[in-house]
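The lines below spell out each chain.
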Amino acid sequence: FKIGSILFFIALIILALSKNIDIFKKYIHYVFIIVLVHNILALILGYSVASIAGLSKRNRRTLAIETGIQNSGLGMLLIFSFFNGLGGMALLAAFWGIWHIVSGLIIATYWSKRRI
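The shown structure was predicted, so the numbers you read here are calculated from the model rather than taken from an experiment.

J.: Explain the overall build of the protein chain to me, please; I cannot follow it from the model alone.
T.: Across its full length, the protein chain carries five helices and zero strands. Listed N to C, the secondary structure of the protein chain is α-α-α-α-α in terms of helices and strands. Once the C-alpha set of the protein chain is aligned to its principal axes, its extents read approximately 45 × 30 × 25 Å. Buried residues in the protein chain amount to 30% of all 116 residues. In the protein chain, once contacts between residues fewer than 6 apart in sequence are set aside, the share between residues at least 24 apart is 73%. On the protein chain, roughly 7800 Å² of surface is accessible, and the fraction owed to carbon and sulfur atoms is 72%.

J.: Before we go on, may I ask you to explain helix 2 (residues 21-52) in this structure?
T.: Helical geometry note: an α-helix holds 3.6 residues per turn, so side chains three or four residues apart project in the same direction. Compared with the 46 Å implied by 1.5 Å per residue over 32 residues, the 43 Å span of helix 2 between its first and last C-alpha is a close match. Its maximal kink placed at Tyr 27, helix 2 deviates by approximately 70°. Residues of helix 2 that are buried: Val 31, Val 35, Asn 39, Ala 42, Leu 43, Gly 46 and Ala 50. Just downstream of helix 2, Gly 54 is the residue with a positive phi angle, here 80°.

Thresholds, definitions, all that
- Residues numbered from 1 in each chain as written.
- Predicted model: local features only at pLDDT ≥ 70, side-chain atom pairs only at ≥ 80, totals over all residues.
- Heavy atoms only, no water.
- Helix = DSSP H or I, 4+ residues; strand = E, 2+ residues; numbered from the N terminus.
- Buried < 20%, exposed > 50% of the residue type's maximum accessible area, 1.4 Å probe, protein only.
- Contact = heavy atoms within 4.5 Å.
- Areas by Shrake-Rupley, 256 points an atom, 1.4 Å probe, with all protein chains shown as cover.
- Expected span 1.5 Å × (residues − 1).
- Bend = angle between axes of the 7 residues up to and from the residue.

Listed below in structure tokens is the structure:
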């Protein structure tokens, strides 16, 4: 399922970007900032709430990743199913998905190299 789900997700991203390439070119700088700020705030909030709750460092990291890496694939499916792939929404969800994979891999790699 892992490879299949990644391929399906990539197909959704390609579909979203191909149908909205003009919107992508026009608004990518806004979308990038919105997605980046949202992701950073979610990671920090997840880690902070777990810290306040007194969870272990391992659980804090888990909650940060779970909070920071939302299900953008589900978001894109909802956009295509109920909103007819509305351009701005599809673009935001597509970039959101790409960035969350990148940021999730970066933070997971960083944390995996540090002892808990």
